[in-house]
Amino acid sequence: MKTVITFGTFDVFHVGHINILQRAAALGDTLIVGVSTDALNYSKKGRNPIYPERDRMKIINSLRYVNLCFPEESLEKKADYIKQFNADILVMGDDWEGKFDHFKDLCEVVYLKRTPSISTTEIIEVINSVE
Ligand code: CTP
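Heads up: these notes are all about the structure in this document. Bear in mind that the values here come from a model prediction, so they are computed numbers and not experimental data.

The next thing to look at is the pairing of strand E4 (residues 89-93). Buried residues dominate E4, accounting for 5 of its 5 residues. Burial of the side chains of E4 extends over both faces: Ile89, Val91 and Gly93 are buried on one face and Leu90 and Met92 on the other. Strand direction decides the pairing type here: strand E1 (residues 3-8) and E4, joined by 3 bridges, are parallel. Bridge assignment links Ile5 to a residue of E4, and that residue is Leu90.

See the structure below:
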């Protein structure tokens, strides 16, 4: 039985998010998703996500690929989360290629290709540009 863990904000949920969660789930038997809190996002990007963490978690929790989701409160706690959930595989999008290789002593680290031509940032920009 293999447990897969992945992390993200998953704001303004889109098909790129579904694609990575579906492929992450296919790598093991259980998929656990860390959803970054509003506070963590604010500290990273200087703005709150469009959807608050409660709603982002509700969306992720309702997906059939996902067995469990939890709030990711700090980027520094990834190793603790991997240990806490006994994860065998850490999955990240290839925008993070190489950045999580230091977790290879804890679990397997897999980078999956991002879905081209879609991102939360782009969707927000398109909406903002509509007059
Ligand atoms: N992701 C993906 N393909 C996309 C967009 C996101 O595979 N087109 C993956 C990311 O690599 C990450 C997860 O989805 O593993 C959550 O990404 P997140 O940063 O929440 O989504 P983005 O759309 O990249 O958001 P932003 O534009 O704010 O960075």
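Still more to cover.
We now examine helix H3 (residues 53-61). Of all the positions in H3, only Arg56, Met57 and Ile60 are classed as buried. One side of H3 carries all its buried residues, which in axial view fall inside an arc of 95°. In H3, those exposed residues whose orientation departs by more than 90 degrees from the buried face are Arg54 and Lys58. In this fold, the buried residues of H3 make contact with helix H1 (15-26), strand E2 (30-36), helix H2 (38-45) and strand E3 (68-72).

Let us now look at the packing of aromatic side chains. Tallied over the full model, the rule gives 6 aromatic pairs. With 5.5 Å between their ring centres and 65° between their planes, Trp96 and Phe100 make a pair best called edge-to-face. Just above the ring of Phe7 sits the side chain of Lys78; from NZ or CZ to the centre is 4.7 Å.

The terminal C-alpha atoms of H1 lie 17 Å apart, and with 12 residues this matches the ideal 16 Å at 1.5 Å per residue to within 8%. Of the residues making up H1, those classed as buried are Gly16, His17, Ile20, Leu21, Ala24 and Ala25. Mapping the buried residues of H1 onto a view down its axis gives an arc of 165°, with all of them on the same face.

Parameters and conventions
Residues numbered from 1 in each chain as written. Predicted model: local features only at pLDDT ≥ 70, side-chain atom pairs only at ≥ 80, totals over all residues. Heavy atoms only, no water. Buried < 20%, exposed > 50% of the residue type's maximum accessible area, 1.4 Å probe, protein only. Helix = DSSP H or I, 4+ residues; strand = E, 2+ residues; numbered from the N terminus. Pairing = 2+ DSSP bridges. Arc of directions from axis to C-beta. Contact = heavy atoms within 4.5 Å. Phe/Tyr/Trp six-rings, centres within 6.5 Å; stacked < 30°, edge-to-face > 60°. Lys NZ or Arg CZ within 6 Å of the ring centre and 35° of its normal. Expected span 1.5 Å × (residues − 1).

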